[in-house]
Amino acid sequence: MFLGCPRIGNSRLTTMSNFILIFVYLLLGLTLQRVKWIPTTTYKVLNKIAVNFCLPALALFYIPKIHWSNELLYPIGAAWIGFGASFLFFYFLGKQLGWSKKLTGCLILTAGLSNTSFLGFPIISAIYGPEGMKTAIMIDQPGSFVVLSTLGVLVAAMYSKGETNAGLILKKVLLFPPFLTFVLACVMNVLNFDFIAIVQEGMRSVGSLITPLALISVGLQLSFDSRSAHWRFLGLGLLFKLILMPAIFYVGYILILGQHSMMIDVVIMETAMAPMITGCILASTYGLKPKLSSMMIGFGIPLSFLTLALWYLLLQILH
């Protein structure tokens, strides 16, 4: 059983609406940068609301509804494998090039998680229809969302402020609101318990605020300074996220394991999506290069439209 699918209706219309909303929210954030009476730290407030309220609400709404099945290990495992590959890639690259912990942590988080819902759902629905959505939902909920709530929080805590004390890192993770609600939601799932309908609708409504808040926050931080030192790191991050990550699954799932199906195509397309908005907000909240985090979204989303088209054409040709 697949739950948590957004109300799609006309998939092409929804896809276009989401694209328009992305740029509306980003433009609003950019515009607010020029409003003098708005504090420069406003983005921090928006980040805290998104992470401490919206993300927990999503966990309590979606996770109790997840039904596990062995046949879904390919899509569910994609988010975990992708994040693990990001960790290994940027950890060793950072060590070789002498990067700061904050820079390494930023790239692990922002390049290691895909925007499998806000961008992914309407795009997959438009291309692959309801059957493709079944796979997309499993990639997003027990995949990307759970990785963010566990490994994502752990990486953010490990790489923030140069902390190496295991006790302090563990305390940060255990007391982090999204992680606490994730554990509670998992217990609810095991006990087959869910909230009454009115409470669920309230949590869904609160959770739905995460995208506009996050994108406005990104717009507030986004800058186009041609002399910025972030450009080369942005290039590396997007190279991994948009090209190398889906290539890993193409080689692993199709060439090595010999899996050829719509499900695998959806996995590759979802892993080729732009960086996850919430992952970038998490990195920013923990002080992991907030400007670079915003650039990963601000430039990654429009660039991903081109790379997604190329991946789709490649999959069609090779089939």
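Computed from a prediction, not measured in an experiment: that's the story for all the values here.

**Q** What is the right way to look at the overall build of the protein in this model?
**A** Along the protein, the regular secondary structure elements total 14 helices and zero strands. Across the protein, helices and strands are ordered from the amino to the carboxyl terminus as α-α-α-α-α-α-α-α-α-α-α-α-α-α. For the protein, long-range pairs separated by at least 24 residues make up 86% of all intrachain contacts whose partners lie at least 6 apart in sequence. Of the roughly 14,500 Å² of accessible surface on the protein, 69% is carried by carbon and sulfur atoms.

**Q** I'm lost on the packing of aromatic side chains in this one. Help?
**A** We describe a pair of aromatic rings using the distance from one ring centre to the other and the angle between the two ring planes. Tallying each qualifying case throughout the model produces 13 aromatic pairs. When the ring of Phe61 is compared with that of Tyr62, the centres are 4.9 Å apart and the planes differ by 80°; the resulting orientation is edge-to-face. Classification of Phe61 as buried rests on a relative accessible area of 11%. Grouped by ring-pair contacts, the aromatic residues Tyr74, Phe249 and Tyr253 constitute a single cluster.

**Q** Could you clarify how one ought to interpret helix α12 (residues 277-285) in this entry?
**A** An α-helix turns once per 3.6 residues; consequently, residues spaced three or four apart project the same way. For α12, the buried fraction is high: eight of the nine residues fall into the buried class. Restricting attention to buried positions, one finds in α12 the residues Ile277, Thr278, Gly279, Cys280, Ile281, Leu282, Ala283 and Ser284. The first or second residue beyond α12 is Gly287, which carries a positive phi of 75°.

**Q** What exactly am I supposed to notice about helix α14 (residues 300-318) here?
**A** Taking 1.5 Å per residue, 19 residues should reach 27 Å; α14 reaches 26 Å between its end C-alpha atoms and fits that length. Residue Leu306 marks the point of greatest curvature in α14, where the axis turns by about 25°. Inspection of α14 places Gly300, Ile301, Ser304, Thr307, Leu308, Trp311 and Leu315 among the buried residues, and these make up the whole buried set.

**Q** What exactly am I supposed to notice about the environment of Leu213 here?
**A** Mapped onto the elements of the fold, Leu213 is located in helix α9 (residues 210-221). Separated by 188 residues in sequence, Leu213 and Tyr25 have C-alpha atoms that sit 8.3 Å apart. Ignoring any residue separated from it by four or fewer positions in sequence, one finds Leu213 in contact with Leu46, Ile49, Ala50 and Cys54.

**Q** Looking at this structure, I do not really get the nonpolar core. What am I missing?
**A** Generally speaking, a soluble globular protein has its nonpolar side chains buried in company with each other. Among the nonpolar cores identified, the biggest contains 101 residues, and Leu109, Leu215, Ile268, Leu282, Tyr286 and Leu288 are the most heavily contacted of them. The leading source of residues in this core is helix α5 (residues 120-159), at 18 residues. Residue contacts for Ile268: discarding those within four places in its chain leaves Pro246, Phe249, Tyr250, Ile254, Trp311 and Leu315.

**Q** Got a minute to help me understand empty space enclosed by the protein in this structure?
**A** Gaps left between atoms are located by rolling a probe of water-molecule size over the structure's atoms. Scanning the model with the defined rule gives one cavity of 30 Å³ or more in all. If you add up the space inside the largest cavity, you get close to 60 Å³. As for the largest cavity, its lining consists of 13 residues, and the residues nearest its centre are Ala78, Ala79, Ser114, Ser144 and Thr271. Mapped onto the lining of the largest cavity, the elements with two or more residues apiece are α3 (73-97), α5 and α11 (262-271). Considering each element in turn, the lining of the largest cavity owes the most residues, four residues, to α3. Counted by class, the lining of the largest cavity contains six nonpolar, six polar and one charged residues.

**Q** Sorry, what's going on with the packing of helix α2 (residues 42-62) against α5 here?
**A** Axis separation between α2 and α5 bottoms out at 12 Å; the angle between their running directions is 145°. By crossing handedness, the relation of α2 to α5 is classed as left-handed. Of the residues in α5, those touching α2 at Leu55, Leu58, Ala59 and Tyr62 are Gln141, Phe145 and Leu148. Looking at the contact of α2 with α5, its residues break down into six nonpolar, one polar and no charged.

What counts, and at which threshold
Residues numbered from 1 in each chain as written. Predicted model: local features only at pLDDT ≥ 70, side-chain atom pairs only at ≥ 80, totals over all residues. Heavy atoms only, no water. Helix = DSSP H or I, 4+ residues; strand = E, 2+ residues; numbered from the N terminus. Contact = heavy atoms within 4.5 Å. Areas by Shrake-Rupley, 256 points an atom, 1.4 Å probe, with all protein chains shown as cover. Phe/Tyr/Trp six-rings, centres within 6.5 Å; stacked < 30°, edge-to-face > 60°. Buried < 20%, exposed > 50% of the residue type's maximum accessible area, 1.4 Å probe, protein only. Expected span 1.5 Å × (residues − 1). Bend = angle between axes of the 7 residues up to and from the residue. Core = buried A, V, L, I, M, F, W, Y, C linked by side-chain atoms within 4.5 Å. 1 Å grid on protein atoms, 1.4 Å probe; cavity = no way out; pocket = protein on both sides within 12 Å on 5 of 7 lines; lining within 4 Å. Points joined across faces, edges and corners; volume = space filled by probe spheres on them. Nonpolar A, V, L, I, M, F, W, Y, C, P; charged D, E, K, R; others polar. Axes fitted to C-alpha atoms, helices over the stretch in contact; angles between N-to-C directions. Left-handed = near helix turned anticlockwise from the far one by under 90°.

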